[in-house]
Amino acid sequence: MSYRKKILVTGGAGFIGSHVIRLFVNKYPDYQIVNLDLLTYAGNLANLTDVENMPNYSFVKMDIVDAEAITELFQKEQFTDVIHLAAESHVDRSITNPTEFVMTNVIGTVNLLNAAKFIWKDNMEAHRFYHVSTDEVYGSLGETGMFTETTAYDPHSPYSASKASSDHFVRAYHDTFGLQTVISNCSNNYGSFQFPEKLLPLFINNIKTNKPLPVYGKGENIRDWLWVEDHARAIDVIFHKAETGTTYNIGGHNEWTNIDLIKLLCKVMDKKLSRAEGESEKLISYVKDRAGHDLRYAIDSTKLQKDLGWTPSLQFEEGIKKTVDWYLENAEWLDNITSGDYQKYYEEQYSKR
Ligand code: NAD
Ligand code: TYD
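Residues numbered from 1 in each chain as written. Chains lettered and ligands numbered in written order. Predicted model: local features only at pLDDT ≥ 70, side-chain atom pairs only at ≥ 80, totals over all residues. Heavy atoms only, no water.

1. Remarks on the environment of Ile-259
Consideration 1: Among the structural elements, Ile-259 can be located in helix H8 (residues 258-272).
Consideration 2: Classification of Ile-259 as buried rests on a relative accessible area of 11%.
Consideration 3: Sequence separation between Ile-259 and Tyr-216 is 43 residues; the distance between their C-alpha atoms is 9.5 Å.
Consideration 4: Leave out the neighbours within four places in its chain, and Ile-259 touches Val-215, Lys-218, Gly-219, Ile-284 and Tyr-286. (Helix = DSSP H or I, 4+ residues; strand = E, 2+ residues; numbered from the N terminus. Buried < 20%, exposed > 50% of the residue type's maximum accessible area, 1.4 Å probe, protein only. Contact = heavy atoms within 4.5 Å.)

2. Side note on the packing of aromatic side chains
Consideration 1: Tallied over the entire structure, the rule returns 22 aromatic pairs.
Consideration 2: Seen in terms of ring centroids, Trp-326 and Trp-333 are 5.2 Å apart; in terms of plane orientation they differ by 70°. Their pairing is edge-to-face. Assigned by exposure class, Trp-326 and Trp-333 land together as buried.
Consideration 3: Pairwise contacts between aromatic rings join Tyr-41, Phe-195, Tyr-216, Tyr-342, Tyr-345, Tyr-346 and Tyr-350 into one cluster.
Consideration 4: A cation over a ring is seen here: Lys-117 above Phe-177, with NZ or CZ 4.4 Å from the ring centre. (Phe/Tyr/Trp six-rings, centres within 6.5 Å; stacked < 30°, edge-to-face > 60°. Lys NZ or Arg CZ within 6 Å of the ring centre and 35° of its normal.)

3. A closer look at the sheet that holds strand S5 (residues 128-134)
Consideration 1: The seven strands are arranged S3-S2-S1-S4-S5-S6-S10 in an open sheet whose pairing can be described as parallel. In the strand order of this sheet, the two ends are held by strand S3 (57-61) and strand S10 (247-250), each with one partner. Averaged over all neighbouring strand pairs, the angle between strand axes comes to 20°, with direction disregarded.
Consideration 2: With six bridges connecting them, strand S1 (residues 5-10) and strand S2 (residues 31-37) associate as parallel partners. (Pairing = 2+ DSSP bridges. Axes fitted to C-alpha atoms, helices over the stretch in contact; angles between N-to-C directions.)

4. Here's the deal with the packing of helix H6 (residues 199-208) against H8
Consideration 1: At a minimum axis distance of 11 Å, the contact between H6 and H8 shows a crossing angle of 45°. In terms of their interaxial angle, H6 and H8 are classed as oblique. In this structure, H6 crosses over H8, and the sense of that crossing is right-handed. Here Leu-199, Leu-200, Phe-203, Ile-204, Ile-207 and Lys-208 of H6 lie close against H8, whose contacting residues are Asn-258, Leu-261, Ile-262, Leu-265, Cys-266 and Met-269. (Parallel < 35°, antiparallel > 145°, perpendicular 65-115°, else oblique. Left-handed = near helix turned anticlockwise from the far one by under 90°.)

5. Here we look at the packing of helix H2 (residues 67-77) against helix H4 (residues 98-119)
Consideration 1: Taken N-terminus to C-terminus, the directions of H2 and H4 make an angle of 30°; their axes are 9 Å apart at the nearest point. Considering how the two elements wind past one another, H2 and H4 form a crossing that is right-handed. Across the interface between the two elements, Ala-67, Ile-70, Thr-71, Phe-74 and Gln-75 of H2 pack against Asn-111, Leu-112, Ala-115, Ala-116, Phe-118 and Ile-119 of H4.
Consideration 2: For the contact of H2 with H4, the residue count by class is eight nonpolar, three polar and no charged. (Nonpolar A, V, L, I, M, F, W, Y, C, P; charged D, E, K, R; others polar.)

6. Brief notes about the site of ligand 2
Consideration 1: Lining the immediate surroundings of ligand 2 are 19 residues, of which Glu-136, Pro-214, Arg-290, His-293 and Tyr-350 lie closest.
Consideration 2: His-293 has a polar side-chain atom sitting 2.7 Å from an oxygen atom of ligand 2.
Consideration 3: Expressed as a share of its isolated accessible area of 510 Å², the protein-covered part of ligand 2 is 97%.
Consideration 4: Elements supplying a minimum of two residues to the shell around ligand 2: H6 and strand S8 (213-216).
Consideration 5: Here the residues of the shell around ligand 2 sort into nine nonpolar, five polar and five charged. (Near = heavy atom within 4 Å. Polar contact = N/O pair within 3.5 Å; in protein donor to acceptor, adjacent residues only side chain to side chain. Areas by Shrake-Rupley, 256 points an atom, 1.4 Å probe, with all protein chains shown as cover.)

7. With respect to the pairing of strand S9 (residues 222-227)
Consideration 1: Within S9, six of the six residues are buried, leaving the element largely enclosed by the surrounding structure.
Consideration 2: Residues Ile-222, Asp-224 and Leu-226 point to one face of S9 and Arg-223, Trp-225 and Trp-227 to the other, with burial holding for every one of them.
Consideration 3: With three bridges connecting them, strand S7 (residues 188-190) and S9 associate as parallel partners. Directly across from Asn-189, in S9, lies its bridge partner Leu-226.
Consideration 4: As defined by bridge partners, S9 adjoins strand S11 (residues 255-257) across three bridges and the pair is classed as antiparallel. Residue pairing in the sheet places Arg-223 in a bridge with Trp-256 of S11.

8. Side note on the site of ligand 1
Consideration 1: Ile-16, Asp-37, Ser-89, Tyr-159 and Lys-163 are the nearest of the 29 residues found near ligand 1.
Consideration 2: Measuring from an oxygen atom of ligand 1, one finds a backbone N or O atom of Asn-189 at 2.9 Å.
Consideration 3: Look at ligand 1: alone it shows 840 Å² of surface, and the protein chains cover 96% of it.
Consideration 4: The set of elements that each furnish at least two residues to the shell around ligand 1 consists of helix H1 (15-27), S5, helix H5 (158-177) and S7.
Consideration 5: At three residues, S5 tops the list of elements feeding residues into the shell around ligand 1.
Consideration 6: When its residues are assigned to classes, the shell around ligand 1 shows 14 nonpolar, 11 polar and four charged.

Spatial relationships are all this shows, so hold off on functional conclusions.
Okay, here's the thing in structure tokens:
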């Protein structure tokens, strides 16, 4: 079969990437989808067992930091487009090891930009480079206001600084070399297949196993939560419809203080685990705050809704219940991930707090 597009998706074995791969492989049988992933601690091919045998899907294990390998791959495969999600993505790890974030998020992105620029140089207009970024590049809000696409960048963590840098490189390659780029900046995602170092899967697992729930500071920080499948749908719409050189913010207009979110989660878990009401909340334990902890994120996604007609599909309370169900029903997935190295990570992150 000859395919209409051959899209390289980087980071497809991670949380959001696996949802993007699933959506594209199923929705576009006439696209060939190549998943490139290094399979770091966060990458897991078990996230993709339902699509691994589809004829329009294939996997390449590769490090985006390896410029030579990336260039060779682009020359050999002649991708028509790139959707770039591969990244080091956890703020707490970026505080422990900032350099790794510079390598993957900045150098890795520049390697992909160089390879794309090189193979597409004779016909730039026919190809798209889509860079997936985060709202964290905009910094922290006070009690009011929202991030729009024109909010000045003001990153505070090594993670957000590295993502901001990669966004600047993507724009520079558009402005300087005519690469046909698009960027989206999304709020916090939740849903199935998220590695349990991030708030929701971590706390679901801790409640399930009766471990303390380490709430940073007073739990007053605010995040804007979006169901991961709605993010994947937004990426689909932006990839196909956005004008070149543009940026879109993606968010659910769904702000929660951490502590309110955790209390809601505890209530849902009490019901699902048939525990007495209030049982799981007893596990809440306030610990030392994260260094440089951003107070509030809130995304204004009006541009995406108005220009491209995207809207979030799921109410948060329903989404939380669905998410909890998924982690409880997929105990084996969770158990595999939380054995071995995970224990060491957990010990290092939380024993000193
Ligand atoms: P994740 O950590 O779950 O997945 C990242 C994937 O990238 C993993 O599969 C990992 O193996 C792969 N990877 C890491 N280093 C690599 C390298 N050097 N070469 C090749 N592959 C490598 O992350 P996620 O939460 O799915 O985030 C995906 C993207 O979306 C990231 O760019 C992140 O900045 C962005 N984002 C995430 C969120 C969120 O809430 N999780 C919100 C907005 C934007
Ligand atoms: P996280 O899932 O790490 O996402 P991000 O830092 O990218 O927003 O954290 C979400 C919020 O939850 C953030 O304000 C930090 C807080 N948090 C805790 O209170 N305890 C924890 O153990 C973790 C991982 C996060």
